[in-house]
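Examining the three-dimensional arrangement
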Amino acid sequence: MASTEAPAPRPPAESQDLAGLEAGLDALDSVQIKRTPFTQVLLHKVLPPVLAVLLVVAVWKVLVLAGVTDDYKLPDPSAVWDSLTELWVQGTLLDIIWTSVSRGLLGFLAALAIGTPLGLLVARVRFVRAALGPILSGLQSLPSVAWVPAAVIWLGITDSAMYAVILLGAVPSIANGLVSGIDHVPPLYLRAGRTMGATGARGAWHILLPAALPGYIAGLKQGWAFSWRSLMAAELIASSPDLGLGLGQFLENARTDSDMPGVLLGIILILFVGIAIDLIVFSPLERRVLRVRGLAAAGGR
């Protein structure tokens, strides 16, 4: 005779857990990514840094008017602006910036091509990790400027020396970023990939790299920062007319001429380029990856 007993009721805690899980899944299904209004972008993204720059200029102007130091040490902001407009009128401003930016980007791409497979090897091959892991960490902490004298002796004051300094500064950061990202990939992903036949290079391309993207992109951002800093150090120390006039050499020329407005202009341009590349390339890429993975809201950082 069939039993007519009702199923045993679930414990209250289990029922609450299931209800919470269902509510969470329903919330994920109902998430809609909306484009941030332009006015909100201006208010939250553009206005704060503009106000910060205006505040710095205002404090700078107050210090000049108060006469806290000699004019040749702290020139008026208008003198720096005059130096900028002079370069623009001469038609050399964009050439100076592009000389350094093109070197920096090309060196970064070369570092990317070397650092990515190196990071994969270090992350996945235990012997390579034991041998090269500490060396990469040590190289990452070594100031890039320390490589400039050796690069000049090895390669002369040439573009090759500049690129060598960039590679030695950026490759460890990119490789370590990828290693960190791979270390945080759940083992379940790798087992699922092997079950579907994604092994070797195919598994690295379709499983490891996509799963490690957040850490990898963080390594790329740091790699670009190291590339830019390394290049500026190389241009400052190994300046030569044969290399063309980049931002580092422009800064060194201004120092040689005791041109303090030119020195401050060079510092501002170097800072501007570094921030602009991050805002145009890396920050949108990072936001996109985090948004796709549900780690950041559509109007997130």
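Everything quoted here is computed from the prediction, not taken from an experiment. (Residues numbered from 1 in each chain as written. Predicted model: local features only at pLDDT ≥ 70, side-chain atom pairs only at ≥ 80, totals over all residues. Heavy atoms only, no water.)

Running from N to C, helix 4 (residues 93–124) and helix 11 (residues 247–256) cross one another at 125°; their axes reach a closest spacing of 8 Å. By the angle between their directions, the pair helix 4 and helix 11 is classed as oblique. The segment helix 4 lies against helix 11, with Ile96, Ile97 and Ser100 engaging Leu247, Gly248 and Phe250. Considering only residue class, the contact of helix 4 with helix 11 consists of four nonpolar, two polar and no charged. (Axes fitted to C-alpha atoms, helices over the stretch in contact; angles between N-to-C directions. Helix = DSSP H or I, 4+ residues; strand = E, 2+ residues; numbered from the N terminus. Parallel < 35°, antiparallel > 145°, perpendicular 65-115°, else oblique. Contact = heavy atoms within 4.5 Å. Nonpolar A, V, L, I, M, F, W, Y, C, P; charged D, E, K, R; others polar.)

Assignment of secondary structure puts asparagine 176 in helix 7 (residues 159–183). The buried category is assigned to asparagine 176, whose relative accessible area is 17%. When sequence neighbours within four positions are dropped, the list of residues in contact with asparagine 176 reads Leu136, Ser137 and Gln140. (Buried < 20%, exposed > 50% of the residue type's maximum accessible area, 1.4 Å probe, protein only.)

Counting residues in each nonpolar core, the largest one holds 56 residues, and the members touching the most others are Ile97, Leu178, Ile182, Trp228, Leu247 and Val273. Look past the residues within four positions of leucine 178 in its chain and what remains in contact with it is Thr116, Gly119, Leu120, Leu209, Ala212 and Tyr216. (Core = buried A, V, L, I, M, F, W, Y, C linked by side-chain atoms within 4.5 Å.)

In the numbering used here, UniProt assigns the feature "transmembrane region" (unreviewed entry) to residues 46–68, 104–123, 135–155, 161–182, 203–220 and 263–285. Taken as a whole, residues 46–68 contains 91% helix and 0% strand, while its terminal C-alpha atoms sit 32 Å from one another. Helix makes up 100% of residues 104–123 and strand 0%, and the two end C-alpha atoms of the span are 27 Å apart. (UniProt positions renumbered as here; feature names shortened; annotations may be inferred.)

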